[in-house]
Amino acid sequence: MLTAEDKKLIQQIWGKVGGAEEEIGAEALTRMFCSYPPTKTYFPHFDLSPGSDQVRGHGKKVVAALGTAIKNIDNLSQALSELSNLHAYNLRVDPVNFKFLSQCLQVALATRLGKEYSPEAHSAVDKFMSAVASVLAEKYR
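This write-up is about the structure you can find in this document. Computed from a predicted model, the values in this text were never measured in an experiment.

**A word on the packing of aromatic side chains**
Counting across every chain of the model gives three aromatic pairs. Arranged with centres 5.1 Å apart and planes meeting at 55°, the rings of F43 and F46 form a pair that is tilted. With relative accessibility at 12%, the residue F43 sits in the buried group.

Laid out in structure tokens, this is it:
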């Protein structure tokens, strides 16, 4: 459960991401593909080399979806319903991959924000990303 302080920290961190969505998303995806090679199987039609247009474009979509989730932080299920349906029914993504992406996104944020990504901010983002992963996996049940 996200506390009021968690929500405040998440919004502050996300405010610092502004303008770098594509770069952060691409870094997170690249880290995921390198650290968890089986995740590449969901992108057979992509050029998965670091910095490719397709990785950058999808990274931007991922970060934009998370931005939408943050704007609707009190109603994640509704905000992410379409994405949940897409990943469960059309793409058939194994839900464990949401956790992998979460970890890689947090490394990208920490790398980019340095000391601004405090332990408290990390904890809040981790809880938020766990909630997002849980919502995205709802349709699998």
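**A short note on the environment of E27**
Mapped onto the elements of the fold, E27 is located in helix α2 (residues 21–35). Along the primary structure E27 and T3 are separated by 24 residues, whereas in three dimensions their C-alpha atoms are 28 Å apart. Non-local contacts of E27, meaning those with residues more than four positions away in its chain, are made with A108 and T111.

**Considering the pattern of salt bridges**
Across all of its chains, the model carries six salt bridges by this definition. One salt bridge connects K7 with D74, and the closest N-O pair in it is separated by 2.4 Å. With K7 in helix α1 (residues 4–17) and D74 in the loop between α3 (53–71) and α4 (76–79), the pair connects residues that are 67 residues apart, well separated along the chain. When its relative accessible area of 64% is taken as the criterion, D74 is described as exposed. Linking E27 and R31 is a salt bridge whose minimum nitrogen-to-oxygen distance equals 2.9 Å. Within this pair, E27 and its partner R31 are both found in helix α2, separated by four residues, close to a single helical turn. Judged by relative accessible area, E27 falls into the partly exposed class, the value being 22%. Its relative accessible area of 31% is what places R31 among the partly exposed residues. Salt bridges here are not isolated pairs; linked through shared partners, they connect E22, E23 and R56.

**So, the nonpolar core**
With 41 residues, the main nonpolar core has I10, L66, L109 and F128 as its most contacted residues. Those elements that place two or more of their residues in this core are α1, α2, α3, α6 (96–113) and α7 (119–136). For this core, the element with the most residues is α7, which contributes nine residues. Beyond its immediate stretch of four places on either side in the chain, L109 contacts I13, W14, V17, I24, G114, Y117 and V125.

**Looking at the side chain of N97**
Inspection of the secondary structure puts N97 in helix α6. Filtering out sequence-adjacent residues up to four positions away, N97 remains in contact with M32, T39 and Y42.

**With respect to the packing of α3 against α7**
Where α3 meets α7, the axes come as close as 12 Å, and the angle between the chain directions of the two elements is 100°. It follows from the interaxial angle that α3 and α7 lie roughly perpendicular. Across from L66, A69 and I70 in α3, the residues of α7 making contact are F128, M129 and V132. For the contact of α3 with α7, the per-class residue count stands at six nonpolar, no polar and no charged.

**Focus on the side chain of S84**
Considering the arrangement of structural elements, one finds S84 in helix α5 (residues 81–90). A polar contact is formed between the side chain of S84 and the backbone oxygen of V135, at a distance of 3.4 Å.

About the criteria used
Residues numbered from 1 in each chain as written. Predicted model: local features only at pLDDT ≥ 70, side-chain atom pairs only at ≥ 80, totals over all residues. Heavy atoms only, no water. Phe/Tyr/Trp six-rings, centres within 6.5 Å; stacked < 30°, edge-to-face > 60°. Buried < 20%, exposed > 50% of the residue type's maximum accessible area, 1.4 Å probe, protein only. Helix = DSSP H or I, 4+ residues; strand = E, 2+ residues; numbered from the N terminus. Contact = heavy atoms within 4.5 Å. Salt bridge = Lys/Arg side-chain N within 4 Å of Asp/Glu carboxyl O. Core = buried A, V, L, I, M, F, W, Y, C linked by side-chain atoms within 4.5 Å. Axes fitted to C-alpha atoms, helices over the stretch in contact; angles between N-to-C directions. Parallel < 35°, antiparallel > 145°, perpendicular 65-115°, else oblique. Nonpolar A, V, L, I, M, F, W, Y, C, P; charged D, E, K, R; others polar. Polar contact = N/O pair within 3.5 Å; in protein donor to acceptor, adjacent residues only side chain to side chain.

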